[in-house]
Amino acid sequence: MYLGLDLGTSGVKALLIDAGQSIIGSGHASLDVSRPHPGWSEQNPADWIRACEEAIAELKVSHPGQLAAVKGIGLSGQMHGATLLDAGDQVLRPCILWNDTRSHAEAAKLDADPRFRKLTGNIVFPGFTAPKLVWVKNNEPDIFAKLAKVLLPKDFLRLWLSGEHISEMSDSAGTSWLDVGKRDWSTDLLSATSLDEGQMPSLVEGTEKAGALRNELASKWGVQAGIPIAGGAGDNAASACGMGTVAAGQAFVSLGTSGVLFAANASYLPNPESAVHTFCHALPDTWHQMGVILSATDSLNWLSEISGKGAGELTAELGDTLKAPTGVSFLPYLSGERTPHNDSAIRGSFTGLAHESSRAVLTQAVLEGVAFAFRDSLEALAKASTTLTRVTAIGGGSRSHYWLKAIATALGLPVDIPADGDFGAAFGAARLGLIAATGADPLRVCTAPATDATIEPVAALSDAYADAYQRYRLLYPAIKAATA
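For every chain, the first residue of the written sequence is number 1, and numbering continues from 1 along that sequence. Where totals are concerned, whole chains, interfaces and linings use all residues; where local detail is concerned, this predicted model gives features only for residues with pLDDT of at least 70, and gives and counts side-chain atom pairs only at 80 or more. Computation of side-chain values covers all heavy atoms of the structure but excludes hydrogens and water.

**Examining the overall build of the chain**
Within the chain one finds 17 helices and 24 strands. Here the globule rule reads 2.2 Å times residues to the power 0.38, and the radius of gyration is calculated from C-alpha atoms. For the chain, the C-alpha radius of gyration of 22 Å lies close to 23 Å, the compact-globule estimate for 484 residues. Projecting the C-alpha coordinates of the chain onto the three principal axes gives extents of approximately 65 × 50 × 45 Å. When accessible area is computed with a 1.4 Å probe and restricted to protein chains, residues below 20% of their type maximum are described as buried, those above 50% as exposed, and intermediate ones as partly exposed. By the burial criterion, 60% of the 484 residues in the chain qualify as buried. In this description, contact between two residues means that some pair of their heavy atoms is separated by no more than 4.5 Å. For the chain, long-range pairs separated by at least 24 residues make up 72% of all intrachain contacts whose partners lie at least 6 apart in sequence. Total accessible area computed for the chain in this model is approximately 17,600 Å², and 51% of it derives from carbon and sulfur atoms. Think of it this way: any DSSP run of H or I at least four residues long counts as a helix, any run of E at least two long counts as a strand, and we number them from the N terminus. Residue-level accessible areas treat just the shown protein chains as cover; the underlying method is Shrake-Rupley with a 1.4 Å probe.

**Focus on the packing of helix 10 (residues 235-243) against helix 15 (residues 425-438)**
To obtain an axis, a line is fitted to C-alpha atoms, over the contacting stretch when the element is a helix, and the angle between two such axes runs from 0 to 180 degrees between their N-to-C directions. Look at helix 10 against helix 15: their axes get within 7 Å of each other, and the N-to-C directions meet at 75°. For the element pair helix 10 / helix 15, the angle class is roughly perpendicular. Residues Asp-235, Ala-238, Ser-239, Cys-241, Gly-242 and Met-243 of helix 10 touch helix 15, and the partners they reach there are Ala-425, Phe-427, Gly-428, Ala-429, Arg-431 and Leu-432. Here the nonpolar group is Ala, Val, Leu, Ile, Met, Phe, Trp, Tyr, Cys and Pro; Asp, Glu, Lys and Arg are the charged ones; every other residue, Gly included, is treated as polar. For the contact of helix 10 with helix 15, the residue count by class is 7 nonpolar, 3 polar and 2 charged. Under this scheme an angle from 65 to 115 degrees is roughly perpendicular, one under 35 degrees roughly parallel, and one over 145 degrees roughly antiparallel; angles in between are oblique.

**A word on the pairing of strand 19 (residues 287-293)**
By the criterion of burial, strand 19 is predominantly enclosed, with 7 of the 7 residues buried. A two-sided burial pattern is seen for strand 19, the buried positions comprising Trp-287, Gln-289, Gly-291 and Ile-293 on one face and His-288, Met-290 and Val-292 on the other. We treat two strands as partners when DSSP finds at least two bridges between them. Bridge count for strand 17 (residues 259-265) against strand 19 is 7 bridges, and the pairing is antiparallel. Looking at strand 19, one finds that Asn-265 is bridged to Trp-287. As judged from the 4 bridges shared by strand 18 (residues 277-280) and strand 19, these two strands associate in the antiparallel manner.

**Looking at helix 4 (residues 129-139)**
With respect to burial, helix 4 is a largely interior element, 8 of its 11 residues being buried. Every buried residue belonging to helix 4 is among Thr-129, Ala-130, Pro-131, Lys-132, Leu-133, Val-134, Trp-135 and Val-136, and all of these are buried.

**A few points about the nonpolar core**
Core analysis: the largest hydrophobic core is formed by 105 residues, its most contacted members being Leu-5, Ile-73, Leu-84, Leu-133, Leu-161, Trp-177 and Leu-213. Broken down by element, the residue count for this core peaks at 8 residues, all from helix 15. Discounting chain neighbours no more than four positions away, the residues touching Leu-5 are Lys-13, Ala-14, Cys-52, Ile-56, Ile-73, Gly-74, Leu-75, Ser-76, Leu-161 and Ala-429. Formed by 54 residues, the second largest nonpolar core is a distinct cluster that contains Phe-330, Leu-362, Leu-411 and Ile-455. To form a nonpolar core, buried Ala, Val, Leu, Ile, Met, Phe, Trp, Tyr and Cys residues must be joined to one another through side-chain atoms within 4.5 Å.

**Some words on the pairing of strand 3 (residues 23-30)**
By the bridge criterion, 7 bridges tie strand 2 (residues 11-17) to strand 3 in an arrangement that is antiparallel. Looking at the pairing, Gly-11 lines up with Ser-30 of strand 3. As consecutive antiparallel partners, strand 2 and strand 3 are separated by 5 residues, and within that stretch Gln-21 has a phi angle of approximately 70°, a positive value.

**So, helix 2 (residues 104-111)**
The complete set of buried residues in helix 2 reads Glu-106, Ala-107, Leu-110 and Asp-111. Considered in projection along helix 2, the buried side chains sweep an arc of 135° and stay on one side of the axis. Of the surrounding elements, those touching the buried residues of helix 2 are helix 3 (114-120), helix 4 and helix 8 (187-192). The arc in question is the one spanned by the directions pointing from the helix axis to the C-beta atoms.

**What to know about the sheet that holds strand 24 (residues 451-455)**
Spatially, 18-19-17-16-22-23-24 is the arrangement adopted by the 7 strands of the open sheet, whose pairing is mixed. Each having just a single partner strand, strand 18 and strand 24 make up the two edges of the open sheet. On average, each strand axis in the sheet is inclined to that of its neighbour by 30°, with strand direction left out of account. Packed on one face of the sheet, helix 13 (residues 359-383) meets strand 16 (251-255), strand 17 and strand 19 and runs near 145° to strand 19.

Put into structure tokens, the structure is as follows:
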């Protein structure tokens, strides 16, 4: 058996697979996000450990005795979080999360230093780790003075699991401290944020061994002591391993809390001006690009909360047949936007509202707005020399076929729906655990699932969607000018 642990923003998932990669079972525990000030987003790392323990306990109850067969563990996690530790590995403050925008001024200042884009291949986004540390230095100097280690969220779990300070390339590429082409820490970029390599974890590839399970936990869980823990991956790279999106030309669209259009690359293809992320993949000598929108299913969840209707109820009101855009447009910038705008201050909006704008019309506009945000990412990927011919859909939002029809039509690309199964980040992490434990060929392990169905663009609505997308494109500069 092989265990994948995925530390998400809303919860921890523990997934057990066997040697043939069949899913045996899973456990889950929820997490909350603290927002003490506008633009802030934090979690207590102790809650990650608690949630991991609960997820393992659920798995142990539902599948008694099978954890004893675990031979490898893989980790996946939310990216960019700044987990700050003192010399005794004690947490100094709540972790500043990926969707926290407090460090926008610090990010802009770092981004103005040409070394950052040159070495990382990316804009310095406010959500990345480096500007958060500059914010801490400027605003919490006593904490910064005690800083001994900076760990990403999943690597804090690794510290608890193994006692080791280790990270890997895909997650570390989102810190703004990694030389992404060379796959190593940059002393110049660390120095620019008043840090040094001694405060960073050591680096491995995601498929390599990176620590071993501590005896205390092994005894508690009923597993063998010293089980190897794989380097693992950031959540999107782990999902790509789960989906088999590991070779050039393969791509997926993820409809989760945030939205991602992810493409695997066989070489390093940076184009920071497009606001596309260019990161190391979890597999050696492989990279990936992705466009990121900050509020995908979060946009529908927001509408659900204020309307008092479940997200499934809202989408059910639209039926199964894709409708032409109504003229009501929605910008899904509820917490700013990354691709293509790199704007942490912009906020969402509805335009074109009228007396006859029903709840269903608002739902339709939200789904279309997210679809058009993915179209923005597709255009940005094209500017970064990546052309897609089809995508595979994953994430909770992909359960809505109406939404997938809207995305297919907005992108002008077929959208494949994988056969029943869980191919997300926890599955990808378990695959990486298998590879690290057995030395198996990553390309033979990280294969794509069978396609259950394909949703084609609705040709009859392509012109209407093209017109609606052009209206959508005009709204960002107008809203920005109105709120400047």
